[in-house]
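Each chain, written out:
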Amino acid sequence: MQENMPSQAQEPELICINVDKVFDWIVKEMSFDISPTGPITFAGVTAATSLTGAVVTCKVVPATSNPIVILNRENRQFSIDGSTVCLQNLTIQKNFILTIVVTLPNGTMYTSNNIPVSRCEQVTLCAPKGTDVEILFTDLDCFVCTTGTLRAEEGTITFSALTITVSVCQSIQSTFPVTVEFLATFCEPRAELPFTCPGVVRPQQCPAIFPTLG
């Protein structure tokens, strides 16, 4: 069988491609507490639901619509290594969806309706007007700090002292699409890995019990 052989090396040539130039990039942690008040809707809960011994947990994800909103972009002058640099102070609103899960001792689980949560923070980046600000949540989690007492009513649960902590690890970049030129060669496909059909495999017999000699 003849193997695929790589073609001869090509001469480098000038290539133009469209890429996103990264103007600035930081990794930042943040955490915040939220304390939902009033009755929270839980499907399936009735006034007769016993919440004794219930365990309360939470889940948090980025909002599906407008998870990141740049509220303000302000130029500021900074002195860095003896040089004056103009950077941008960004006010960023982050939008999340929080759900609360109540698990009874018998394993029954009640999940709340989606609870929209928004938090704002300021970061300083090289992000002049026209650049895009992209945020990747490398870690997003929450935990229930306190619940207080739980009271069930028709379709709702009320917590007397609910506090939830949300922790975020985020990669923040300012980018702008550019066309770049560089000297390169085109990639070639690799050779196919050698493959042969396996031989006939027979199950192991049990000569101690079959066939019987004599």
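What this report covers is the structure whose coordinates are included nearby. As the structure is a computational prediction, the values presented were derived from the model and not from experiment.

## Thoughts on the sheet that holds strand 8 (residues 132-146)
Item 1. One open sheet accounts for three strands, arranged 1-11-8; its pairing is antiparallel. Pairing within the sheet leaves two strands with one partner each, and these edge strands are strand 1 (13-34) and strand 8. Neighbour-to-neighbour, the strand axes of the sheet open up by a mean angle of 15°, direction not taken into account.

## Describing the packing of aromatic side chains
Item 1. Counted under the stated rule, the structure contains three aromatic pairs.
Item 2. A ring pair is formed by Phe-32 and Phe-96, whose centres lie 6.0 Å apart and whose planes are at 35°; its orientation type is tilted. Of the two residues, Phe-32 is situated in strand 1 and Phe-96 in strand 5 (residues 83-103); the sequence distance between them amounts to 64 residues. Judged on exposure class, the residue Phe-32 and its partner Phe-96 are both buried.
Item 3. Residue placement shows Lys-21 over the ring face of Phe-23; its charged tip is 4.9 Å from the ring centre.

## Points about the state of the cysteines
Each disulfide consists of one covalent bond between the sulfur atoms belonging to two cysteines.
Item 1. Following the criterion strictly, the structure yields one disulfide and no others.
Item 2. With a sulfur-sulfur separation of 2.3 Å, Cys-58 is cross-linked through a disulfide to Cys-142. Placement of the pair is Cys-58 in strand 3 (residues 55-62) and Cys-142 in strand 8, with a sequence separation of 84 residues.
Item 3. We classify Cys-58 as buried; its relative accessible area is 12%.
Item 4. Not part of a disulfide, Cys-120 finds its nearest cysteine sulfur in Cys-142, a span of 19 Å.
Item 5. Owing to a relative accessible area of 47%, Cys-120 belongs among the partly exposed residues under this scheme.
Item 6. The closest cysteine sulfur to the non-disulfide-bonded Cys-145 is located on Cys-58, 11 Å from its own sulfur.

The rules behind the values
Residues numbered from 1 in each chain as written. Predicted model: local features only at pLDDT ≥ 70, side-chain atom pairs only at ≥ 80, totals over all residues. Heavy atoms only, no water. Pairing = 2+ DSSP bridges. Helix = DSSP H or I, 4+ residues; strand = E, 2+ residues; numbered from the N terminus. Axes fitted to C-alpha atoms, helices over the stretch in contact; angles between N-to-C directions. Phe/Tyr/Trp six-rings, centres within 6.5 Å; stacked < 30°, edge-to-face > 60°. Buried < 20%, exposed > 50% of the residue type's maximum accessible area, 1.4 Å probe, protein only. Lys NZ or Arg CZ within 6 Å of the ring centre and 35° of its normal. Disulfide = S-S within 2.5 Å.

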